[in-house]
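# Structural overview for review
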Amino acid sequence: MKSNKKHFAYYDISSLADNVKTFEGKRYDVRGIWAVDCHGTAEKLASIYYRIRTVKDGQFRTIAKRKNPMSELKPVK
């Protein structure tokens, strides 16, 4: 298994992601630099970046994830 996967950066999320899930279990829709929860509350994507566990695209495929809050967000093939 290769360990040299590239880092999935903040700008990758804002341009490629449709929604994200945090370690707390909250789901957010990604709207540019904003993350909008199910109640319509918007937070800046940068403020929740380090809490993001899973990143999904428009077809609901996982495109990036991290195993624990201390690890890097890595792209999924």
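Residues numbered from 1 in each chain as written. Predicted model: local features only at pLDDT ≥ 70, side-chain atom pairs only at ≥ 80, totals over all residues. Heavy atoms only, no water.

## What to know about the packing of aromatic side chains
A complete count under the given rule lists 1 aromatic pair for this structure. A cation over an aromatic ring shows up here: lysine 56 above the ring of phenylalanine 60, its NZ or CZ 4.7 Å from the ring centre. The ring of tyrosine 49 carries the charged tip of arginine 66 above its face, separated from the ring centre by 5.3 Å. (Phe/Tyr/Trp six-rings, centres within 6.5 Å; stacked < 30°, edge-to-face > 60°. Lys NZ or Arg CZ within 6 Å of the ring centre and 35° of its normal.)

## Points about the nonpolar core
Residues Ile13, Val20, Ile52, Val55 and Leu73 are the most contacted members of the largest nonpolar core, which totals 15 residues. Once you skip the residues sitting within four places of it in the chain, isoleucine 13 turns out to touch Phe8, Val20, Val30, Leu45, Tyr49, Ile52, Val55 and Leu73. (Core = buried A, V, L, I, M, F, W, Y, C linked by side-chain atoms within 4.5 Å. Buried < 20%, exposed > 50% of the residue type's maximum accessible area, 1.4 Å probe, protein only. Contact = heavy atoms within 4.5 Å.)

## Considering unusual backbone geometry
Phi is mostly negative for residues that are not glycine, and the peptide bonds are mostly trans. The backbone of phenylalanine 60 shows a phi angle near 60°, a positive value even though the residue is not glycine. Residue placement: phenylalanine 60 occurs in the loop between β5 (52-56) and β6 (62-65). (Helix = DSSP H or I, 4+ residues; strand = E, 2+ residues; numbered from the N terminus.)

## Observations concerning the sheet that holds β5
Spatially, 7 strands are ordered β4-β3-β2-β1-β5-β6-β7 in an open sheet, and the strand pairing comes out antiparallel. Each of the sheet's edge strands pairs with one partner strand only, and the pair in question is β4 (42-44) and β7 (74-75). Note: strand β1 (residues 19-22) against strand β2 (residues 27-31), 3 bridges, orientation antiparallel. Opposite asparagine 19, over in β2, you have aspartate 29 as the bridge partner. (Pairing = 2+ DSSP bridges.)

Bear in mind that shape data such as this cannot, by itself, settle questions of function.
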